[in-house]
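Survey of secondary and tertiary structure
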Amino acid sequence: GLISIAATEDAVVLISLPGEDHDDYFHRKLQQLLPDSDRVSSNQVLKLAMTQIREYVAGKRTEFTVPWEVYTSPFRRTVLRKVAEIPYGTVRSYCDVAKLSGSPRAYRAVGSANATNTIPIIVPCHRVVAWNGIGGYGGGIELKRQLLAHEGLTQY
């Protein structure tokens, strides 16, 4: 499906997934994140992000090197940096990520941070699962299952 990406000169800041209302969600979220920025159709960071996502989808990439930035609270930024460290083909529970983030009892806050992740796939929040099952996903549970299966995790 359609994936939309926005980037500054320095970093990827927004990705919308297939199934999301691109016109509404993407443009509204971009306006929130970068209200005073000029729009250009391409830059080096955007080209790199598009290349790396295409490689990921084609099964030729297992980690991302494109720079990214999230505009959120310090705790959520810490959580998403820990999520970005989860290796391809593995999962961590919300509790695991809470511990790695230095707040072992904040597993619900980890879920909230994942739910507000503006750069899915590059920050692979699909790799965070509930202790008793798959958990939620902004792009929908079926897309989460597809991404996990793409990485060889078919038990979800």
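See above for the structure.
Described below are features of the structure shown in this document. Just so it is clear, the model here is predicted, and its values are computed rather than measured.

Thresholds, definitions, all that
Residues numbered from 1 in each chain as written. Predicted model: local features only at pLDDT ≥ 70, side-chain atom pairs only at ≥ 80, totals over all residues. Heavy atoms only, no water. Helix = DSSP H or I, 4+ residues; strand = E, 2+ residues; numbered from the N terminus. Rg over C-alpha atoms; globule rule 2.2 N^0.38 Å. Buried < 20%, exposed > 50% of the residue type's maximum accessible area, 1.4 Å probe, protein only. Contact = heavy atoms within 4.5 Å. Areas by Shrake-Rupley, 256 points an atom, 1.4 Å probe, with all protein chains shown as cover. Lys, Arg positive; Asp, Glu negative; His and termini not counted. Charge placed at Lys NZ, Arg CZ, Asp CG, Glu CD. Core = buried A, V, L, I, M, F, W, Y, C linked by side-chain atoms within 4.5 Å. Axes fitted to C-alpha atoms, helices over the stretch in contact; angles between N-to-C directions. Parallel < 35°, antiparallel > 145°, perpendicular 65-115°, else oblique. Nonpolar A, V, L, I, M, F, W, Y, C, P; charged D, E, K, R; others polar.

Describing the overall build of the protein chain
Looking only at helices and strands, the protein chain has six helices and four strands in total. Ordering the α and β elements of the protein chain from the N terminus gives β-β-α-α-α-β-α-α-β-α. Its C-alpha atoms give the protein chain a radius of gyration of 15 Å, near enough to 15 Å, the size a compact globule of 156 residues would have. On the principal axes, the C-alpha backbone points of the protein chain span a range of 45 × 35 × 25 Å. Every one of the 156 residues in the protein chain was classed for burial, and the buried ones make up 42%. Within the protein chain, contacts between residues at least 6 apart in sequence are counted, and of these 56% link residues at least 24 apart. Accessible surface, the protein chain as shown: approximately 8,400 Å² in total, 50% of it carbon and sulfur. Looking at charge distribution, the protein chain has the averaged site of its 18 positive side-chain charges lying 8 Å from that of its 15 negative ones.

Points about the nonpolar core
Ranked by size, the top nonpolar core spans 32 residues in total, and within it V12, V83 and I122 carry the most contacts. For this core, the secondary-structure elements that each account for two or more residues are β2 (12-16), α2 (44-57), α3 (74-84), α4 (94-100), α5 (107-115) and α6 (141-150). V12 has contacts with I5, A6, A7, V45, A49, V66, P67, W68, E69, I119 and I122, leaving out every residue within four places of it along the chain. One finds Y25, F26, L30 and L33 within the second-largest nonpolar core, a separate group that totals eight residues.

Topic: the packing of α3 against α5
The interhelical angle for the contact between α3 and α5, taken along N-to-C directions, is 80°, at an axis separation of 9 Å. It follows from the interaxial angle that α3 and α5 lie roughly perpendicular. Across the interface between the two elements, F75, R76, V79, L80 and V83 from α3 touch A109, V110, S112, A113 and N114 from α5. When the residues that make up the contact of α3 with α5 are grouped by side-chain class, the tally is seven nonpolar, two polar and one charged.

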